[in-house]
Amino acid sequence: MAKDMTLLWGAGSPPCWRVMIALEEKNLQGYNQKRFFFEKQEHKSAEVMAMNPRGQLPAFKHGDKVVNESYAAIMYLEDQFKSQGTKLIPDSPADKAMMYQRIMEGNTLQQKISEVLYYNFFVPEGERHDSAIKRKQEALAAELKLWDGYLAGGCCLAGKSFSLADVAIFPIIAYLLHNCPLCETRYLNIAAYFNKLKDRPSIKASWPPAWFENPQGQELLKGI
Amino acid sequence: MVWQRKVTLLKTVLTHFSFSFQTMAQDMTLLWGSSSPPCWRVMIALEEKNLQGYNQKCFSFEKNEHKSAEVMAMNPRGQLPSFKHGDKVVNESYAAIMYLEDQFKSQGNKLVPDSPAEKAMMYQRMMEGNTFYQKIVDALFFMWHVPEAERHDSAIKRNQEALTAELKLWEGYLKASGGCLVGKNFTLADVAIFPNIACLFFTGLCEERYPQLAAYYKCLKERPSIKASCVEKPEEYAMLKDLIKDV
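Residues numbered from 1 in each chain as written. Chains lettered and ligands numbered in written order. Predicted model: local features only at pLDDT ≥ 70, side-chain atom pairs only at ≥ 80, totals over all residues. Heavy atoms only, no water.

### As for the overall build of chain A
So the rule is basically this: The helix count covers DSSP runs of H or I at least four residues long, the strand count covers runs of E at least two residues long, and both are numbered beginning at the N terminus. With the radius of gyration taken over C-alpha atoms, the globule rule is written as 2.2 Å times the number of residues to the power 0.38. The classification of residues rests on relative accessible area computed with a 1.4 Å probe and restricted to protein chains. Under 20% of the type maximum is buried, over 50% is exposed, and intermediate values are partly exposed. Between two residues, a contact is recorded if the distance between any of their heavy atoms is within 4.5 Å. For every accessible area listed, the method is Shrake-Rupley and the probe measures 1.4 Å; residues are considered covered only by the protein chains on display. Here Asp and Glu are counted as negative and Lys and Arg as positive; His is not counted, and neither are the chain ends. Working definition for charges: the position is that of NZ of Lys, CZ of Arg, CG of Asp or CD of Glu.
Helices and strands together make up the secondary structure of chain A, namely eleven helices and four strands. For 224 residues, the compact-globule formula gives about 17 Å, and the C-alpha radius of gyration of chain A, at 18 Å, lands near that figure. Referenced to the eigenvectors of the C-alpha coordinate spread, the extents of chain A come out at roughly 50 × 45 × 25 Å. Across the 224 residues in chain A, those meeting the buried criterion constitute 56%. Here the analysis covers contacts within chain A between residues at least 6 apart in sequence; of these, 72% occur between residues at least 24 apart. Roughly 9400 Å² of accessible area belongs to chain A as shown, and the carbon and sulfur atoms make up 53% of that amount. Across chain A, the centroid of the 27 positively charged side chains sits 2 Å from that of the 25 negatively charged ones.

### Here we look at empty space enclosed by the protein
All names here are of chain B. What counts is decided by this rule: Every definition here rests on a 1 Å grid over the protein atoms only: cavities are sets of points where a 1.4 Å probe fits but cannot get out, pockets are open sets enclosed by protein on both sides within 12 Å along at least five of seven lines, and lining residues have some atom within 4 Å of a point. Grid points are joined across faces, edges and corners, and a volume is the space filled by probe spheres set on the points. Each residue is assigned to one class: nonpolar for Ala, Val, Leu, Ile, Met, Phe, Trp, Tyr, Cys and Pro, charged for Asp, Glu, Lys and Arg, and polar for all the others, Gly among them.
Under the counting rule described, the total for this entry stands at one cavity of 30 Å³ or more. Computed from the structure, the largest cavity encloses a volume of approximately 30 Å³. Forming the walls of the largest cavity are Trp32, Gly33, Ser34, Ser35, Ser36, Cys39, Trp40, Met43, Ser229, Val231 and Glu232. Among the elements that line the lining of the largest cavity, the one with the most residues is helix H2 (residues 37-48), at three residues. Its residues placed into classes, the lining of the largest cavity shows five nonpolar, five polar and one charged.

### Description of the interface of chain B and chain A
Accessible area lost when the parts come together is the quantity often used to give the size of an interface. This is how it is decided: Reported buried area values correspond to the accessible surface (1.4 Å probe) lost by two parts on association, with both partners' losses combined. The term salt bridge refers to a side-chain nitrogen of Lys or Arg lying within 4 Å of a carboxyl oxygen of Asp or Glu. Whenever a nitrogen or oxygen atom comes within 3.5 Å of another N or O atom, the pair is scored as a polar contact, on the condition that within protein one atom can donate a hydrogen and the other can accept it, and that pairs from neighbouring residues in sequence are kept only if both atoms are in side chains.
The interface is formed by 37 residues belonging to chain B together with 35 residues belonging to chain A. Here chain B meets chain A over a buried area of about 3000 Å², counting both sides, of which 55% is carbon and sulfur. Where chain B touches chain A, the interface holds eight salt bridges. Residue Asp79(A) is joined to Lys119(B) by a salt bridge in which the shortest nitrogen-to-oxygen separation is 2.9 Å. The interface formed by chain B and chain A includes 16 residue pairs in polar contact (both at pLDDT 80 or more). Secondary structure elements with two or more residues in the side of chain B that touches chain A: strand E4 (88-89), helix H4 (93-103), helix H5 (116-140) and helix H6 (153-176) of chain B. In terms of residue count, H5(B) provides more of the side of chain B that touches chain A than any other element does, eleven residues in total. Split into classes, the residues belonging to the side of chain B that touches chain A amount to 19 nonpolar, nine polar and nine charged.

### Points about the nonpolar core
One recurring pattern in soluble globular proteins: nonpolar side chains tend to sit buried together. The cut-off we apply is this: Throughout this description, the term nonpolar core refers to a set of buried Ala, Val, Leu, Ile, Met, Phe, Trp, Tyr and Cys residues connected via side-chain atoms within 4.5 Å.
Counting residues in each nonpolar core, the largest one holds 157 residues, and the members touching the most others are Phe60(A), Leu77(A), Phe83(B) and Leu100(B). Among the elements that take part in this core, helix H7 (residues 164-179) of chain A stands out by supplying twelve residues, more than any other.

### Focus: unusual backbone geometry
The linkage connecting Leu57(A) with the following residue, Pro58(A), adopts the cis geometry, with an omega of 5 degrees. With respect to the helices and strands, Pro58(A) occurs in the loop between helix H2 (46-51) and strand E3 (59-62). Residue Pro81(B) is bonded to the preceding Leu80(B) through a cis peptide linkage, with omega at 5 degrees. Secondary-structure assignment places Pro81(B) in the loop between helix H3 (69-74) and strand E3 (82-85). Here the phi dihedral of Gln41(A) falls at roughly 60 degrees; this positive angle occurs in a residue that is not glycine. Along the chain, Gln41(A) turns up in the loop between strand E2 (32-35) and H2.

### Side note on the sheet that holds E4(B)
Residue and element names in this part refer to chain B. Selection criterion: Strands pair, by our definition, only if DSSP identifies at least two bridges between them. Orientation is described by lines fitted to C-alpha atoms, with helices fitted over the stretch in contact, and by angles between N-to-C directions that extend from 0 to 180 degrees.
Within the open sheet, the four strands sit side by side as E2-E1-E3-E4. Their pairing is mixed. Each edge of the sheet is formed by a strand with only one pairing partner; in this case those strands are strand E2 (55-58) and E4. Inspection of the sheet shows strand E1 (residues 28-32) paired to E3 by four bridges, in the antiparallel sense. Following the sheet pairing, Thr29 is matched in E3 by Lys84. Seen against the sheet, H2 touches E1 and E3 and runs at an angle of roughly 150 degrees to E1. Strands E1, E3 and E4 of the sheet are contacted by H4, whose axis makes an angle of about 25 degrees with E3.

### Structural notes on the layout of surface pockets
In this structure, the second largest pocket encloses a volume near 520 Å³. Lining the second largest pocket are 22 residues; nearest its centre among them are Asp79(A), Lys82(A), Tyr100(A), Asp102(B) and Lys105(B). Broken down by class, the residue content of the lining of the second largest pocket amounts to ten nonpolar, no polar and twelve charged.

### Thoughts on the sheet that holds strand E4 (residues 65-66) of chain A
Residue and element names in this part refer to chain A. Pairing is mixed across the open sheet formed by four strands, whose spatial order is E2-E1-E3-E4. A single partner strand is all that each edge strand has here, and the edge strands are E2 and E4. With two bridges joining them, E3 and E4 adopt antiparallel strand pairing. Each bridged residue has a counterpart across the sheet, and for Lys61 the counterpart in E4 is Val66. Strand contacts of helix H3 (residues 70-80): strand E1 (5-9), E3 and E4, with the helix running at about 25 degrees to E3, the strand carrying the most contacts.

### A closer look at the side chain of Arg18(A)
Residue and element names in this part refer to chain A. Following the sequence through the fold, Arg18 ends up in helix H1 (residues 14-25). One buried charged residue, Arg18, forms no salt bridge at all, with the nearest opposite charge on Glu69 at 8.0 Å. Apart from residues lying up to four places away in sequence, Arg18 is in contact with Ser70, Tyr71, Ile74, Gln110, Val167, Ala168, Pro171 and Ile172.

### Structural notes on the pattern of salt bridges
With the rule as written, the count across this model stands at 29 salt bridges over all chains. Here Arg158(B) ties to Glu127(A) by a salt bridge, and the two come within 2.8 Å at their closest N and O atoms. Highlighted residues: Arg158(B) in helix H6 and Glu127(A) in the loop between helix H5 (119-122) and helix H6 (130-150), drawn from two different chains. Residues joined by salt bridges that share partners form a network here, namely Arg54(A), Arg125(B), Glu128(B), Lys135(B) and Glu166(B).

Right, dumping it as structure tokens:
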């Protein structure tokens, strides 16, 4: 089954990492995979575009079914391989509801981090404002306070067991802490969550071989 | 006579079930605002699952009521929609619609296809819908997010171009599919994406430039769940007319 799967991915990308964690959790090791380098613009190469016209990674295929968008891929994998590997969707309606909500909130978390970290990438020089940077830093700080609160229970994000919510969100947390080590001392529950899960087999097995280094962005993160 | 008893029994069973559906909806609360595609998504899903009769309250974005204590109590983000079923809060419109389909699989319309290929397509289109909606927000709703001193014509132009490119993608998706976003049947992908497309046409998106989107919109706007839940106020979109004309 894994032999019918192909993952195109880039290192240090939370969306790519999510799919890799899900594949590990579902015991689907041995899938075909190819690494592309964002720095060389390889995500816009013909090979990626053929599978994902958006020129984005991850791009995932199972047989003749293309499933781009990392959230779509992880939901598809859990749905299709429910009975193997780790159960990633809880049975209890309350935990399930929480799981869906946290997964979707992950988009907001990722976006708020990117808006600070990649401010100078997204915003042309003539459009930059200190007021905007400050506002985005404050928004990110508020966002992280929310997640620190969500993780106060000391467990996983949705109930007691590791679920798709953790598959979705852990990579973002790891990515944040890599780019802003200071956050470990400022957001203790987030730090504890990271330390608790970083040695989980699926996470260790798929840990990014490299991260995209962005010193300018990392400076901006220090201000949150 | 036996058949009379069977009919009576059937009527009792049906009444019991519709009473149950109503009871279930009565355990639900939706806080919403008008002219909000995310809110509309949840309302469509509730209709599709025959969960009419839920408790609901409308809040005004203009009066900042989405930041009121009542909303914040249910959604600390101060965002709408905010949804509750019994003691379970499910914020985020996508989370709510997925929860509803999962919990009420066996009633109303089936919103997740069985075939793995269609299911995969449905999940992908739904998640692409996030990107789609973000581009709409950046191009049309930026007045709510970007202080006046930080607005630039160059940014507005760039965001309009990004939305145009995004719409071309969706034109292609609809051309290749069978009337809905995933084949012929209405799915969660349509629940998620239709409100995005509808709000663009309310704003004045040019139908001739986007014939597939226009056909999709015209066909689905008559769908009962969509008609029943449409509370869009055209005047709230009129002010955006100038921004959409170049898209």
